[in-house]
Amino acid sequence: MSVPVITIDGPSASGKGTVAAIVAQRLGFHYLDSGSLYRLLALHARKLDVAWDAELPLAALATTLPAAFEQGRVWLDGNDVSEDIRAEEIGIGASKVAALPAVRAALLQRQRDFAVLPGLVTDGRDMGSVVFPQAATKIFLTASADERAARRHKQLIGKGESANLPRILQDIIDRDTRDAARAVAPLRQEPDAFLLDTTELTIDQAVETVLRCFGQSQASGI
Ligand code: CDP
Ligand code: CDP
């Protein structure tokens, strides 16, 4: 029996992770935040003093990355690094290591291994285009850059961190450019992906739309 997969790709702070996690919970499916793998690799490399542009050593590290996802937490070498991987600097490292073709190739099978019954919801940049091209439902989730910056700002303030809105907006624009312009697995909407612009949508409305798309794909036997 083929495993149903829902892919949610899109730019930073569009709400992919939030929406994907709720959809997975509603369906009782597994959830993979693929960005966390790139973040884990950036953190692991930093700890081992491997530069974020050293393609082959990074690919070797990616193949043996001692990572685990358990109890809703992210573990590296047995240590809970759920907060560490969210640091802004590690996000920058993640987008640098993610631009290296050998690194992406090394993480490919690892991501595919998450597709087990009863199903998988996964979010990232190339889940529908490269990792799961046969996915039952592909969503391209986006929102305006201003709205995404405002969401990230609110998220940081909520965590008690200092946040500067113009700087966050600039970071988002830079990240968009890097993700869309890279040669390998660039961020783009696949022709068979459903465009979901959440600029004016609540999280609940976005979740319901994804569930409806999935229901339709199941009904039509895709
Ligand atoms: O939270 P944010 O959307 O900024 O990033 P993330 O999803 O945690 O991913 C961190 C970085 O990994 C992104 O900036 C992307 O450059 C990269 N990434 C990727 O290239 N491909 C994926 N499937 C997921 C993330
Ligand atoms: O995973 P990604 O970087 O795309 O975004 P996220 O971390 O899931 O969402 C960024 C923030 O936007 C979170 O605080 C969400 O609660 C919020 N959000 C929102 O306010 N409205 C939406 N429709 C979707 C997300």
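Note that the coordinates shown come from a computational prediction; the quantities given were computed from them, not determined experimentally. The written sequence of each chain sets the order in which its residues are numbered from 1. To label them, take the chains in the order written and letter them from A, then take the ligands in the order written and number them from 1. Reporting in this predicted model follows two pLDDT cut-offs: at least 70 for local features of residues, and 80 or more for side-chain atom pairs to be given and counted; totals over whole chains, interfaces and linings ignore these cut-offs and use all residues. Hydrogens and water are ignored here; the side-chain numbers use all heavy atoms of the structure.

Engineer: I would appreciate a short explanation of the site of ligand 2 in the present structure.
Structural biologist: Any residue with a heavy atom positioned within 4 Å of a molecule or strand is treated as near that molecule or strand. Taken together, 14 residues lie near ligand 2, and Ala13, Lys16, Gly17, Thr18 and Arg152 sit nearest. Here a polar contact is recorded for every N or O atom pair within 3.5 Å, except that within protein the pair must consist of a potential hydrogen donor and a potential acceptor, and residues adjacent in sequence are included only if both atoms are side-chain atoms. Measuring from an oxygen atom of ligand 2, one finds a backbone N or O atom of Gly17 at 2.9 Å. The separation between an oxygen atom of ligand 2 and a polar side-chain atom of Gln155 is 3.4 Å. Its free accessible area being 550 Å², ligand 2 has 80% of it covered by the protein chains. Those elements giving two or more residues to the shell around ligand 2 turn out to be helix 1 (16-27) and helix 7 (145-158). Accessible areas in this description were obtained via Shrake-Rupley with a 1.4 Å probe; residue shielding takes into account the shown protein chains only. Working definition: helices are DSSP H or I runs of at least four residues, strands are E runs of at least two. Numbering for both runs from the N terminus.

Engineer: Quick question: what am I supposed to make of the site of ligand 1 here?
Structural biologist: With respect to spatial proximity, 19 residues lie near ligand 1, and among them Ser12, Arg39, Arg104, Arg175 and Asp179 are the closest. Take Arg39: an N or O atom from its side chain is 2.6 Å from an oxygen atom of ligand 1. Contact between ligand 1 and Arg182: an oxygen atom at 2.9 Å from a side-chain N or O atom of the residue. Among the elements of the structure, helix 2 (34-47), helix 4 (88-97) and helix 8 (165-181) are those that each provide at least two residues to the shell around ligand 1. Per-element tally for the shell around ligand 1: the top contributor is helix 2, with four residues. When grouped by side-chain class, the residues that make up the shell around ligand 1 number four nonpolar, five polar and 10 charged. Three classes are used: nonpolar for Ala, Val, Leu, Ile, Met, Phe, Trp, Tyr, Cys and Pro, charged for Asp, Glu, Lys and Arg, and polar for all others, with Gly counted as polar.

Engineer: Would you explain the sheet that holds strand 4 (residues 73-76) in this entry?
Structural biologist: Sheet strands pair via backbone hydrogen bonds, and the direction of the pair is either parallel or antiparallel. Strand order in this open sheet of three strands is 3-4-5, and the pairing throughout is antiparallel. Either end of the sheet is taken by a strand with one partner, and the two such strands are strand 3 (67-70) and strand 5 (79-80). The sheet contact formed by strand 4 and strand 5 spans two bridges and is antiparallel. Directly across from Trp75, in strand 5, lies its bridge partner Asp80. Working rule for contacts: check all heavy atoms of both residues, and any pair within 4.5 Å makes them a contact. Lines fitted to the C-alpha atoms define the axes, with helices restricted to the stretch that makes contact. Angles between their N-to-C directions range from 0 to 180 degrees. The sheet strands contacting helix 2 are strand 3 and strand 4, and the helix crosses strand 4 at an angle near 35°. Pairing between two strands requires that DSSP report at least two bridges joining them.

Engineer: Is there a simple way to explain the packing of aromatic side chains in this structure?
Structural biologist: Centre-to-centre distance and the angle between the planes together describe a pair of aromatic rings. Pairing of aromatic side chains requires ring centres within 6.5 Å, counting the rings of Phe and Tyr and the six-membered ring of Trp. Pairs whose planes differ by under 30 degrees are stacked, by over 60 edge-to-face, and all others tilted. Tallied over the entire structure, the rule returns two aromatic pairs. For the pair Phe29 and Phe214, a centre-to-centre distance of 5.8 Å together with 85° between the ring planes defines the contact as edge-to-face. With a gap of 185 residues between them, Phe29 in the loop between helix 1 and strand 2 (30-33) and Phe214 in helix 9 (residues 203-219) connect regions that are remote in the sequence. Of the residues examined, Phe29 reaches a relative accessible area of 14% and is grouped as buried. Type-normalised accessible area, obtained with a 1.4 Å probe on protein chains alone, sets the label of each residue: buried when under 20%, exposed when over 50%, and partly exposed for intermediate values. We classify Phe214 as buried; its relative accessible area is 8%. Between Phe69 and Phe114 the ring centres are 5.7 Å apart and the planes differ by 80°, which places this aromatic pair in the edge-to-face class. Remark: Phe114 occurs in the loop between helix 5 (101-112) and strand 6 (120-124) and Phe69 occurs in strand 3; sequence separation between them is 45 residues.

Engineer: In this structure, what is going on with the packing of helix 2 against helix 4? I would like to understand it.
Structural biologist: The axes of two packed helices give the description: the angle between them and the distance between them. Here helix 2 crosses helix 4 at 105°, and the two axes come no closer than 8 Å. It follows from the interaxial angle that helix 2 and helix 4 lie roughly perpendicular. For the pair formed by helix 2 and helix 4, the contact residues are Tyr38, Arg39, Leu41, Ala42, Leu43 and Arg46 on the first element and Glu89, Ile90, Gly91, Gly93, Ala94 and Val97 on the second. Any angle from 65 to 115 degrees is called roughly perpendicular, while one under 35 is roughly parallel, one over 145 is roughly antiparallel, and all others are oblique.

Engineer: Before we go on, may I ask you to explain the environment of Arg104 in this structure?
Structural biologist: Among the secondary structure elements, Arg104 is positioned in helix 5. For the pair Arg104 and Pro133, spaced 29 residues apart in the sequence, the C-alpha separation amounts to 15 Å. Ignoring sequence-local partners within four residues, the contact set of Arg104 consists of Tyr38, Ala98, Asp126, Arg182, Val184 and Ala185.

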